[in-house]
Amino acid sequence: MSFDLDGFFALPRVAGLALSADGARLVTTVATPSRDGTKFVSALWELDPVGAAAPRRLTRSRAGESAPAFRPDGSLVFLSARPEVEPAAGAGDDQGDEGGSDIGDDGGVAALWVLPPAGEAHRLHVRPAAVEAFAVARDSGDIAFRAAAFPAATSPAADRERAQARSKAGVKALLFEQYPVRFWDHDLGPREPRLYLLPAGETAEPTDLVPVPGRALDEAEFDVAPDGSFVVTTWAVPEGRGHRRLDLVVIDTRSGERRTLAGATGFDHGSPSISPDGRDVVCTRLTAGTPAAAPDVTLWLVDVATGAGRDLTPTLDRWPQGPRWAPDGAVVLFVADEAGRGPLFCVGRDGGPVRRLSMEGTFSDLCPAPDGASVYALRSSYLTPPGAVAVAADRSDGVPRSVPTPGLPLQLPGSVVEVHAAAGDGTPVRSWLVLPAGASAQAPAPLLLWVHGGPLASWNAWHWRWCPHVFAARGYALLLPDPALSTGYGRDFIARGYGRWGDRPYTDVMAAVDAALERPDLDDARTAVMGGSFGGYLANWIAGHTDRFRAVVTHASLWALDQFHGTTDAGVWWEREFGSPYDDPSRYVENSPHRHVAAIRTPMLVIHGERDARVPISEALRLWTDLSRHGVEAKYLFFPDENHWILKPGNARVWYETVLAFLDHHVLGTEWARPRLL
């Protein structure tokens, strides 16, 4: 496979994993470009857990399918916005377009669908607004799902009537009465998310579990008890002045009674998972940071009957995520960032030592086998896109067995190694280095420094949006460091940069660059820096503090922190780290890149999406204005229809083309070539 843009965008993109109750069937979602290339369309594929059979496609439509989950009877539930119409004669075979055939229309909103063990897929339940997420009760087959409705709507018909009245009147206005008003790429309104329970059975109607939730269920994470008798969900609790915390609440699905399981000021709970016997819930528990102390994450076990809770991982100096129960309920499985990877771990229900099951790669979508012998998961790294694997549950640091997955194995255009450096305070700083084929002392490669977003994150998994191998195929080497604030290196490593973004994170990445450039196969005279979100912030900071790089690419970046606090969708979150700007703005001022614009000499490419609520377009507009007024050589790539990420294939292709053209011009000295579609 060629890693030019045509080959890269044709690669299958795998996400999500579901295992049947008997362990015999494994299903994932595979996305590929539609025929016209304007969007990615996903379909469900069946993988052979044993690894003997090739992957087999299960669904096909223009709208696509996602989020598979099995019922205990073997039927497969999923989400799709396709209409419930009979396909045209001859359509739907496996010889059609891999991105979706020409069957029917794109449909309306995402609905619940089911594919029986024998028979055709059909729509199980549809509402006026999209079904956003769902969970299946492992024993009863009941389905808990989240979908939004207008506050006063007592039925789907009433909700639909309200929407039609707004549309007929040409009204798109929203009235907000509490903070926040946006999340990532969408407004929080006018509908409010609710939780419903759909009992097993083809003629069943859902029960509205929370008729008047307010904004408590925005982006809620939830699970349903094995027998369907209760749901545990996150619940946003206002704490005044725009602050909120996330509690865990349990809702009786028959009476609708709701009570708090876990909740206290200073803590956020997430990713609840109910034990197989229904007695306990395990979740992540975030200790909210303050300007004086960095945050921390642990696994929290709660007794459903009493609400008594305890820390399952008190001595683990890592941040657990995505907990799942083993089938016998004796063990909790989870993933945590560690040293540029995301290993699979387990801990006993009663606590005790944490054991690492597999180290190499980053794992997600854990599916424990019913016999307890193995755990199926998706695994990715900078060596491979996501693919299904089986991990032995009785070994430590075992080597996973690969399960045949569409698009894999994949031949990369270069190689991946690790680089280790020492920061100014002696702290080790590690990085991934992606090398192009042919890099040598006789032909050293130009180096691109890539800074990750977050900032509480790590370069540890395959990225479709920021894929270093596209650049390696063009002859560049890519340095991906994990500086202070990165996860996977312990609490103290995060604390080194907490509230001091322009300090240790900056000096750490520069130390990583210095260490990498000691290699004879890298060209220290041809370097550039790139970053998105927090990485864009640090790219901006670097531009104002050194002219050692030939070019800077800054995507969805923070520029003026005082402005950012008042326009981002979650300004109060940043107060946990930088404090209240109304009481003491010093940290915002000290760490704001815009104060150093007069020192910028390096050509910059500014990139931003109009629909970005996390880092609003105002940051790019002010950055572009400031660069222009100070005579900095710069370009501004603007996407009116994208958000924090550039998701549409055509736009993503233009993103790569523009970035490569900009870097080729300034780093390699080629003539500037404007992308054809721009």
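Shown above is the structure to which this text applies.
The paragraphs below set out a description of the structure included in this document. (Residues numbered from 1 in each chain as written. Predicted model: local features only at pLDDT ≥ 70, side-chain atom pairs only at ≥ 80, totals over all residues. Heavy atoms only, no water.)

A look at the nonpolar core
In this structure, Leu479 and Leu538 are the most contacted members of the largest nonpolar core, which totals 54 residues. In contact with Leu479, other than residues within four places in its own chain, are Val419, Ser431, Trp432, Leu433, Leu447, Leu448, Leu449, Trp450, Ala512, Val513 and Ala516. (Core = buried A, V, L, I, M, F, W, Y, C linked by side-chain atoms within 4.5 Å. Buried < 20%, exposed > 50% of the residue type's maximum accessible area, 1.4 Å probe, protein only. Contact = heavy atoms within 4.5 Å.)

Description of the sheet that holds strand E18 (residues 258-262)
Reading across from one edge, E15-E16-E17-E18 is the order of the four strands in this open sheet, with antiparallel pairing throughout. Edge positions in the open sheet fall to strand E15 (222-224) and E18, since each of these has one partner strand only. Neighbour-to-neighbour, the strand axes of the sheet open up by a mean angle of 40 degrees, direction not taken into account. Relative to strand E17 (residues 243-252), strand E16 (residues 230-240) runs antiparallel, the two sharing ten bridges. (Pairing = 2+ DSSP bridges. Helix = DSSP H or I, 4+ residues; strand = E, 2+ residues; numbered from the N terminus. Axes fitted to C-alpha atoms, helices over the stretch in contact; angles between N-to-C directions.)

Quick notes on helix H2 (residues 156-168)
One turn of an α-helix holds 3.6 residues; hence residues three or four places apart share an orientation. Taking 1.5 Å of rise per residue, the 13 residues of H2 would be expected to cover 18 Å, and the 18 Å separating its terminal C-alpha atoms lies within 8% of that figure. Once H2 finishes, Gly170 follows within two positions and takes phi at roughly 70 degrees, a positive value. (Expected span 1.5 Å × (residues − 1).)

Regarding the packing of aromatic side chains
How two aromatic rings sit relative to each other is given by the distance of their centres and the angle of their planes. Counting across every chain of the model gives 29 aromatic pairs. Where Trp450 meets Trp466, the ring centres are 5.3 Å apart and the plane angle is 90 degrees; that geometry is what we call edge-to-face. Of this pair, Trp450 sits in strand E33 (residues 445-451) while Trp466 sits in the loop between E33 and helix H3 (468-472), placing them 16 residues apart in sequence. The same class applies to Trp450 as to Trp466, namely buried. Here the aromatic rings of Phe534 and Tyr537 are separated by 5.7 Å at their centres, their planes lie at 15 degrees, and the arrangement is stacked. Of this pair, Phe534 and Tyr537 both sit in helix H6 (residues 534-543), three residues apart, which is roughly one turn of that helix. (Phe/Tyr/Trp six-rings, centres within 6.5 Å; stacked < 30°, edge-to-face > 60°.)

Examining the sheet that holds strand E3 (residues 40-47)
What the four strands build is an open sheet, ordered E1-E2-E3-E4; its pairing is antiparallel. Looking at strand neighbours, the two that pair on one side only are strand E1 (13-19) and strand E4 (56-57), the edges of this open sheet. The sheet contact formed by E3 and E4 spans two bridges and is antiparallel. Residue Glu46 lies in a different strand from E4, and its bridge partner there is Arg56.

Points about the pairing of strand E38 (residues 634-639)
Across six bridges, the pairing between strand E37 (residues 604-609) and E38 is parallel. In the strand pairing of E38, Val606 is matched with Tyr636. Note that the unit made of E37, helix H10 (residues 617-629) and E38 has a crossover that is right-handed. (Right-handed = clockwise from strand over helix to strand, strands pointing away.)

Looking at the pattern of salt bridges
The final tally for this structure, using the stated rule, is 36 salt bridges. Salt-bridge contacts for Arg123 lead to Glu84; the nearest nitrogen and oxygen are separated by 3.9 Å. Here Glu84 lies in the loop between strand E6 (76-80) and strand E7 (111-115) and Arg123 lies in strand E8 (residues 122-125), a separation of 39 residues in the sequence. Where Arg341 meets Glu418, a salt bridge forms, and the shortest distance between an N and an O atom there is 2.8 Å. Of this pair, Arg341 sits in the loop between strand E24 (331-336) and strand E25 (344-348) while Glu418 sits in strand E31 (residues 414-422), placing them 77 residues apart in sequence. Connected through shared salt-bridge partners, Arg341, Glu360, Glu418, Arg430 and Asp482 make up one network. (Salt bridge = Lys/Arg side-chain N within 4 Å of Asp/Glu carboxyl O.)

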